[in-house]
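So you can see what is in the structure, the chains are spelled out below.
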Amino acid sequence: MERKKRVFCLLMVLPAILLTLILGLIPMFTSLGWSFLEYDLLRIQEHGTPFVGLENYRTILSDDRFLRSIANTFLMTGLVVAIALVLGLVLAHVMRAEYRGRVIVRVLICTPWFVPPVVAAAIWAWLLNADRSPINSALMDAGLIESNIRFLTDSSTWGPFSIPLLSVTAVRIWNGLPFVVIFLLAGMQSIPRDLYEAVDVDGGNLWSKFRHVTLPLLKPILGVLAMLLLITGIGHFEINYIMTGGGPNGLTDVMSVYSYLQAFSFFRFDLASAAGGMVLLITGVISVIYIRSQLRNEDKS
Amino acid sequence: MTMDTLDHPSQNSGSRGARRGGFARSKNADRLTRALVIIVTVVALIYILLPVYWMIKSSFQTNIDIRAQPPHWIPRQLTFQAYQDMTLVIPIWRYILNSIYVAGAAAVLSTLVGCSAAYVLARFRFPGMTICLVMILATQLIPPITRAFPIYSAIQSAGLLNSYTGIIIAYASFSLPFCVMLLRGYFMNNCPPDLEEAALVDGCSYFSAFWRIILPISLPGLAAVTIFTFLNAWNDFLWASLLLNQGEMKTVQVGIGDFSGEGGNVRYISMFMAACVTATIPALIMFLFVQRWLVSGLTAGSVK
């Protein structure tokens, strides 16, 4: 019986493990391997793929464009996580509250979830197009600006910030917001109602309910969510690539886009893999922390 | 804060206004909080809905009206022309069918493989279990870009570039960790173990207990997970642009890019908007199926 059970278990997980290995772990290690080779598709005929050690990492780390893309990756991801969490907390409360018409509000808040990112990026790019932007025209009518804001093409900078960087970040927040709201809402479902009633008895107000009940009890979920957003944010590709392709002047370049362009515009799979390796290094550190906290939660329940 | 709290140990959960005991004060503070929340919500809703509204509105306008200066916030006349014309420029229905096929097959494959793994990982203890679980879940955390190039080469050398098979298997594997995570939570919370224990005592094999008893009662969960993975694949652009980017076989996300030739997509902008609406509708329908399940599903699966 015991042997039968073991065979059954192994057979059941086997397909999942195979898929995970073939399209998950093996490609990841292959990519890491390539980052130590010379793998230039244009020269592969005569050169082959000799081992070059850390040469590729040295090359990209002395490329200003890559250094800028690391800074942009962190900056954008940081902004996305912070703003999405704060805004998400407010909207999750709005979704939870009882009032007339809340079903409609719920669905409306979730809208970005079912708009494909490609479509979202393309529509936003149109909305932010300097000459025809309805946003510019509305701001102009309200007397807030005098000339059109070039949302995606203005190349002036304030330190690491620039208008295109903030514009693309806003679209990424837009794209990720429903997930954050639903995730937080799910977490809030498990907070017992009587805790809020206790605050009522003490004469506390809405803010103290949030500050002393919701926030402390949501802390573990906020942690998990922040980790998830960090990991997906650092590897984020689509919206950056479609909206600006890294431009203008690399102001919105992130590591994934840099890596993609190295591979498919310059055919340098080695440099692309090294850039991917850097992404992996950063997300790897965060992932280890994340998995450990997940396993700890598992033990508790 | 600590000093204050010490003075009022019985009310350490109150804020400044509340602690002074004034009922009216607390009410005022609440009014302010509510007003702030409402303002934030209204601004957020404008931010959330503006692009969606603009997309739908533009899809019913002519090219000239869309590009009018200043822009028309409310269309002056509506036309379905773009919806008719877009099929002449790109084979959008074909692209949509491609997407449905690819995303559907990947979702079914991923759910099947995922539910078998999730079931034993939820129910049994066996050697190597932890490592299997960690391996599957950790894969979710590998950023796509760090495995894109080897997968691209591998699929190319297997002769599966620009074939449906290649991308279906790829999508199935990318959604797998998510499936396993959600379904494992679902099996642990929603399926009492006594059910199949009774069947096992009756001489049922492990597999038929799973296939005949567990799966049928888990259909709601399985359906929701299938739809989630369908949406994942439907929305994808990166992999589709790498693995399936030629001719009529494209998925709709890559296909709508056909409009943007030289000089952006300005020339066909109304058709482009119509195509964007069309590409969103199937996702919307799927979303409506799962939205009830969203909150409870996430609690059962990932948060726990």
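Numbers given to residues run from 1 along each chain, matching the order in which its sequence is written. Whichever chain is written first is A, and whichever ligand is written first is 1; the rest continue in order. Under the rules for a predicted model, residues below a pLDDT of 70 receive no local features and side-chain atom pairs below 80 are neither given nor counted, while totals for whole chains, interfaces and linings still include all residues.

## A short note on the overall build of chain A
- Helix numbers and strand numbers start at the N terminus; a helix is a DSSP run of H or I with at least 4 residues, a strand a run of E with at least 2. Helix and strand content of chain A: 13 helices and two strands.
- Seen through its C-alpha atoms, chain A measures out along the principal axes to roughly 80 × 80 × 30 Å.
- Burial in this document is a count-based property: other C-beta atoms within 10 Å of a residue's C-beta are tallied, and the residue is buried at 20 or more, exposed at 12 or fewer, or partly exposed in between, with C-beta positions derived from the backbone. A total of 301 residues make up chain A; the buried ones form 46% of that total.
- Taking contacts inside chain A between residues at least 6 apart in sequence as the whole, the part at least 24 apart equals 66%. Remark: residues whose backbone-derived C-beta atoms lie within 7 Å of one another are considered to be in contact.

## Structural notes on the overall build of chain B
- A tally of helices and strands in chain B yields 15 helices and zero strands.
- Residues classed as buried in chain B amount to 45% of the 304 residues present.
- Contacts spanning at least 24 positions in sequence make up 75% of the contacts within chain B whose residues lie at least 6 apart.

## Topic: unusual backbone geometry
- At A:Phe267, a position not held by glycine, the phi torsion is positive, near 60°.
- If you trace the backbone, A:Phe267 turns up in the loop between helix 12 (255–264) and helix 13 (269–300).
- The phi dihedral of B:Asn162 falls on the positive side, at around 55°, and the residue is not glycine.
- Tracing the backbone shows B:Asn162 in the loop between helix 8 (145–157) and helix 9 (164–190).
- Under the C-beta neighbour-count criterion, B:Asn162 is labelled partly exposed, with 16 such atoms within 10 Å.

## Describing the environment of B:Phe80
Residues and elements named next belong to chain B.
- As for its placement among the helices and strands, Phe80 is situated in the loop between helix 4 (63–66) and helix 5 (81–89).
- Phe80 gets classed as exposed once you count the C-beta atoms within 10 Å, which come to 10.
- Counting along the chain gives 64 residues from Phe80 to Pro144, while the straight-line C-alpha distance between them is 39 Å.

## Some remarks on the interface of chain B and chain A
- Taken residue by residue, the interface counts 81 residues in chain B and 84 residues in chain A.
- Among the elements that make up the side of chain B that touches chain A, the one with the highest residue count is helix 3 (residues 23–59) of chain B (18 residues).

## Some details on the packing of helix 7 (residues 129–139) of chain B against helix 9 of chain B
Residues and elements named next belong to chain B.
- Here, axes are lines fitted to C-alpha atoms. For helices the fit covers the stretch in contact, and angles between N-to-C directions go from 0 to 180 degrees. For the pair helix 7 and helix 9, the least separation of the axes is 7 Å and the interaxial angle reads 125°. In this view, helix 7 runs oblique relative to helix 9, as classed from their interaxial angle. Considering the relative orientation of helix 7 and helix 9, their crossing is left-handed. Touching Ile136, Leu137 and Thr139 of helix 7 are Leu176, Pro177, Val180 and Met181, all from helix 9.
- When residues are sorted by character, Ala, Val, Leu, Ile, Met, Phe, Trp, Tyr, Cys and Pro go into the nonpolar class, Asp, Glu, Lys and Arg into the charged class, and all the rest, Gly among them, into the polar class. Counted by class, the contact of helix 7 with helix 9 contains six nonpolar, one polar and no charged residues. Put simply, angles under 35 degrees are roughly parallel, angles over 145 are roughly antiparallel, angles from 65 to 115 are roughly perpendicular, and the rest are oblique. Left-handed describes a crossing whose near helix is turned anticlockwise from the far helix by less than a right angle; the clockwise case is right-handed.

## Examining the environment of A:Ile239
All names here are of chain A.
- Here Ile239 is to be found in helix 11 (residues 238–243).
- Note on Ile239: 26 C-beta atoms within 10 Å, which makes it buried.
- Placed 53 residues apart in sequence, Ile239 and Ala186 show a C-alpha to C-alpha distance of 27 Å.
- Excluding residues that lie within four positions of it along the chain, Ile239 makes contacts with Pro117, Ala121, Val168, Val171, Arg172 and Asn175.

## Considering the domain arrangement of chain B
All names here are of chain B.
- Domain borders in the structure are assigned automatically or taken from a domain database. The domain boundaries assigned to chain B delineate domain 1 (16–81) and domain 2 (90–303).
- Here domain 1 and domain 2 have C-alpha centroids that lie 33 Å from each other.
- Secondary-structure elements contributing two or more residues to the side of domain 1 that touches domain 2 are helix 3 and helix 4.
- Class assignment for the residues of the side of domain 1 that touches domain 2 results in three nonpolar, five polar and no charged.

## Looking at the nonpolar core
- One nonpolar core equals one set of buried Ala, Val, Leu, Ile, Met, Phe, Trp, Tyr and Cys residues connected by C-beta atoms within 7 Å. Membership of the largest hydrophobic core comes to 170 residues, with the highest contact counts inside it found for B:Ala275 and B:Cys276.
- Ranked by the residues each element gives to this core, the list is headed by helix 9 of chain B, at 16 residues.
- With residues up to four places along the chain from it excluded, the contact list for B:Cys276 reads A:Val119, A:Ala122, A:Ile123, B:Met55 and B:Ile256.

## Considerations on the domain arrangement of chain A
All names here are of chain A.
- For chain A, the assigned domains are domain 1 (1–34) and domain 2 (37–300).
- Put simply, the middle of domain 1 and the middle of domain 2, counted by C-alpha atoms, are 31 Å apart.
- Listed by partner, the interface residues are four residues for domain 1 and seven residues for domain 2.

## Things to note about the environment of B:Ser241
All names here are of chain B.
- Counting through the fold element by element, Ser241 comes out in helix 13 (residues 238–243).
- By the C-beta count within 10 Å, which is 20 here, Ser241 ends up buried.
- Through-space distance from the C-alpha of Ser241 to that of Asn162 is 10.0 Å; in sequence the pair is 79 residues apart.

## Quick word on the confidence of the model for chain B
Residues and elements named next belong to chain B.
- Scored from 0 to 100, pLDDT reflects the predictor's confidence in each residue. Here chain B averages 83 in pLDDT, while 86% of its residues score no lower than 70.
- Mean pLDDT in chain B bottoms out at helix 1 (residues 2–7), which sits at 36, and peaks at helix 6 (residues 92–123), which reaches 95.
- Throughout residues 1–22 the model reports pLDDT below 50, and contacts reaching past four residues in sequence, or to other chains, amount to 32 contacts.
- Overall fold confidence (pTM) sits at 0.87, and the ipTM for the predicted complex is 0.87.

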